[in-house]
Amino acid sequence: MITLTKFIHLATIAIWSGGLLALPFLFWQRRGLRAGPELDQLHRIARLVYVELTSPAAFVAIFSGTVLIFLQATFEEWFTIKMVLVGLMVMLHVVAGLVMHQLFGPGGRFGGLSFVALFSTYSVVIVAIIWVVLAKPQIDSNQFAAHLFEPGGLARLFHQFFGDTRIPIP
Ligand code: HEM
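Keep in mind it's a predicted model, so treat the numbers as computed, not measured.

Caption draft 1: Up close: the overall build of the chain. Scanning the chain for helices and strands turns up 5 helices and 0 strands. Of the regular secondary structure in the chain, the N- to C-terminal order runs α-α-α-α-α. In summary, the chain has a C-alpha radius of gyration of 21 Å against a globular reference of 15 Å for 170 residues, an excess of more than 25%. Overall, the chain is about 70 × 45 × 30 Å in size when its C-alpha atoms are taken along their principal axes. Out of the 170 residues belonging to the chain, those deemed buried represent 31%. Once local pairs closer than 6 in sequence are excluded, the contacts in the chain between residues at least 24 apart make up 81%. The chain carries 11 positive and 8 negative side-chain charges, and their two centres are separated by 11 Å.

Below, the structure written as structure tokens:
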């Protein structure tokens, strides 16, 4: 069960990451194209990669990762770092969708600088996640957040910030 879920997780991660790395290249092909069949074809390919390959793969990767949480011990500090980075990757995934939304309209632009910025951000985040998962760095959260993994710690933090929000029973 674990092996199969991990296989699905890794296979979909490969498609998701590959798709995200390919998209800036596709967006960059927009330069110099005017409205016409060539632009329509590029639009179709970009939509295929984003809507039909990368987004479903992201969905399955997150789902299978969530299943793995229940199958493997994940209450360790490196996993928290991984989740923060995955959150960043999801937000950057949405950025690609927003770029595509404006790119194929009249006057849509995606210059060399945008290409380098988007492609390098994707590469750094993906490599960082893979490094964290494979190296599983040992971090002792007691050094800076002693109650991070303590049951009820979140509620205590909440009350610290917002005071006692419990409704008194008369
Ligand atoms: C919500 C999203 C995700 C969740 C909940 C999740 C969860 C997990 C869990 C629980 C494991 C097993 C951990 C262990 O080996 O102890 C795992 C393995 C793995 N994940 Fe994810 N993951 C997510 C997204 C990602 C992403 C975006 C990447 C890479 C870009 C990634 C790369 C990996 C790799 C390479 C492994 C295999 C690690 C190994 O076997 O040693 N995951 N994931």
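Once you've had a look at it, read on.
Caption draft 2: Geometry of the site of the ligand. Neighbouring residues of the ligand: 21 residues in total, closest K6, H9, I13, K82 and K136. A distance of 2.6 Å separates a nitrogen atom of the ligand from a polar side-chain atom of K82. Looking at which element gives the most residues to the shell around the ligand, the answer is helix α3 (residues 77–103), with 6 residues. Broken down by class, the residue content of the shell around the ligand amounts to 13 nonpolar, 5 polar and 3 charged.

Caption draft 3: Representation of the packing of α3 against helix α4 (residues 112–135). The N-to-C vectors of α3 and α4 enclose an angle of 155 degrees; their axes lie 9 Å apart at closest approach. Here α4 runs roughly antiparallel to α3, going by the angle between their axes. Helix-helix and strand crossings are classified by hand; for α3 and α4 the assignment is left-handed. Facing W78, I81, K82, L85, V86, L88, M89, L92, H93, V95 and A96 of α3, the residues of α4 in contact are L118, T121, Y122, V125, I126, A128, I129, V132 and V133. A breakdown of the residues in the contact of α3 with α4 according to their chemical character gives 17 nonpolar, 2 polar and 1 charged.

Caption draft 4: Looking closely at the nonpolar core. If you look at the biggest cluster of nonpolar residues, it comprises 32 residues, and the most contacted ones within it are W16, L23, F27, M89, F104, F110 and Y122. Counting residues per element, the ones that place at least two in this core are α1 (2–28), α2 (37–71), α3 and α4. A per-element tally of this core places α3 first, with 10 residues. For M89, the contacting residues outside a window of four places in its chain are W16, S17, L20, V125, I126 and I129.

Caption draft 5: The arrangement of the coordination of the iron atom of the ligand in detail. Taken together, H9 (NE2) and K82 (NZ) make up the full set of protein donors to the iron atom of the ligand, lying 1.8 to 2.1 Å away. Angles of 87 to 178 degrees at the metal separate the 6 donor atoms of the iron atom of the ligand, which places the site in the octahedral class. With a gap of 73 residues between them, H9 in helix α1 and K82 in helix α3 connect regions that are remote in the sequence. Across the pair, exposure class does not vary: H9 and K82 are buried alike.

Caption draft 6: How the structure looks around the pattern of salt bridges. Using the criterion set out here, one finds 1 salt bridge in the structure. Across the pair E150 and R156 runs a salt bridge whose closest N-O atoms are separated by 2.4 Å. The exposure class assigned to E150 is partly exposed, which follows from its relative accessible area of 35%.

Caption draft 7: Inspection of the side chain of S141 at higher detail. You can see S141 is positioned in the loop between α4 and α5 (153–162). Those residues in contact with S141 that sit more than four places away from it in its chain are E77, A146, L148 and F149.

The rules we used
Residues numbered from 1 in each chain as written. Predicted model: local features only at pLDDT ≥ 70, side-chain atom pairs only at ≥ 80, totals over all residues. Heavy atoms only, no water. Helix = DSSP H or I, 4+ residues; strand = E, 2+ residues; numbered from the N terminus. Rg over C-alpha atoms; globule rule 2.2 N^0.38 Å. Buried < 20%, exposed > 50% of the residue type's maximum accessible area, 1.4 Å probe, protein only. Contact = heavy atoms within 4.5 Å. Lys, Arg positive; Asp, Glu negative; His and termini not counted. Charge placed at Lys NZ, Arg CZ, Asp CG, Glu CD. Near = heavy atom within 4 Å. Polar contact = N/O pair within 3.5 Å; in protein donor to acceptor, adjacent residues only side chain to side chain. Nonpolar A, V, L, I, M, F, W, Y, C, P; charged D, E, K, R; others polar. Axes fitted to C-alpha atoms, helices over the stretch in contact; angles between N-to-C directions. Parallel < 35°, antiparallel > 145°, perpendicular 65-115°, else oblique. Left-handed = near helix turned anticlockwise from the far one by under 90°. Core = buried A, V, L, I, M, F, W, Y, C linked by side-chain atoms within 4.5 Å. Donors = N, O, S within 2.8 Å, 3.2 Å for Na, K, Ca; no water. Tetrahedral: all angles 85-135°; square planar, octahedral: opposite > 155°, others 65-115°. Salt bridge = Lys/Arg side-chain N within 4 Å of Asp/Glu carboxyl O.

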